[in-house]
Amino acid sequence: MAAAAIYSLFIINKSGGLIYYKEYGSAGRMDTNDSLRVASLWHSMHAISQQLSPTVGCSGIELLEADAFDLHCFQSLTGTKFFVVCEPGTLHMDALLKVIYELYTDYMEMPIRCELFDLNLSQAVQKDRVALLGR
């Protein structure tokens, strides 16, 4: 099975600040200001969805499906959000986000500038879906 088509990865802190951004060949490249705006916008939408949800204990939006992309989000217990933008219909992104979270906790300090994190992140994104689920 082919690897998932990941367009980009964002990591934002509990205050909504962008602490990591990486593109993986998406058609439209973002400059620094655009990536900061996307992170801030997602943080706000995520927080509003928690407040407006009729479901008690809602933890926010986990999947946003659009015609041209899907956005999958994982929020850690500390409030750090990890989200990937990928091809529509891409499966098993929840598992990938958990792997990315594990790498983050293994290698990171603020701000993110760790070569081992980048190396292991690239390997995790390039693995095929079956190998990812077996982890």
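First things first, this report covers the structure right here in the doc. (Residues numbered from 1 in each chain as written. Predicted model: local features only at pLDDT ≥ 70, side-chain atom pairs only at ≥ 80, totals over all residues. Heavy atoms only, no water.)

## Brief notes about the overall build of the protein
Logical step 1: On a plain count of helices and strands, the protein comes out with four helices and five strands.
Logical step 2: Starting at the N terminus, the α and β elements of the protein follow one another as β-β-α-β-β-β-α-α-α.
Logical step 3: Relative to its 135 residues, the protein shows a buried fraction of 39%.
Logical step 4: When contacts within the protein are restricted to residue pairs at least 6 apart in sequence, those whose partners lie at least 24 apart make up 49%.
Logical step 5: Here the protein displays about 7900 Å² of accessible surface, and carbon together with sulfur accounts for 53% of that area. (Helix = DSSP H or I, 4+ residues; strand = E, 2+ residues; numbered from the N terminus. Buried < 20%, exposed > 50% of the residue type's maximum accessible area, 1.4 Å probe, protein only. Contact = heavy atoms within 4.5 Å. Areas by Shrake-Rupley, 256 points an atom, 1.4 Å probe, with all protein chains shown as cover.)

## Focus: the side chain of S76
Logical step 1: Structurally, S76 can be placed in the loop between strand 4 (70–75) and strand 5 (81–86).
Logical step 2: S76 gets classed as buried once you look at its relative accessible area, which sits at 5%.
Logical step 3: Separated by 2.9 Å, the side chains of S76 and T78 make a polar contact.
Logical step 4: Ignoring sequence-local partners within four residues, the contact set of S76 consists of F82 and Y101. (Polar contact = N/O pair within 3.5 Å; in protein donor to acceptor, adjacent residues only side chain to side chain.)

## A word on the layout of surface pockets
Logical step 1: Volume-wise, the second largest pocket comes out at about 210 Å³.
Logical step 2: Every residue lining the second largest pocket is listed: H46, S59, G60, I61, E62, H72, C73, F74, Q75, D94, L97 and K98.
Logical step 3: For the lining of the second largest pocket, the secondary structure elements donating two or more residues are strand 4 and helix 2 (93–107). (1 Å grid on protein atoms, 1.4 Å probe; cavity = no way out; pocket = protein on both sides within 12 Å on 5 of 7 lines; lining within 4 Å. Points joined across faces, edges and corners; volume = space filled by probe spheres on them.)

## Topic: the environment of L63
Logical step 1: The residue L63 is located in strand 3 (residues 63–65) in this model.
Logical step 2: A residue is classified by how much of its surface remains accessible, and L63, at 38% relative accessible area, is partly exposed.
Logical step 3: Distance from L63 to V85, taken between C-alpha atoms, is 10.0 Å for residues 22 residues apart in sequence.

## Let's talk about the pairing of strand 2 (residues 18–23)
Logical step 1: Bridge analysis of strand 1 (residues 6–12) against strand 2 gives five bridges, and the strand direction is antiparallel. Across the sheet, L9 pairs through a bridge with K22, a residue of strand 2.
Logical step 2: Hairpin remark: strand 1 followed by strand 2, antiparallel, with five residues in the connecting loop; positive phi at G16, about 95 degrees. (Pairing = 2+ DSSP bridges.)

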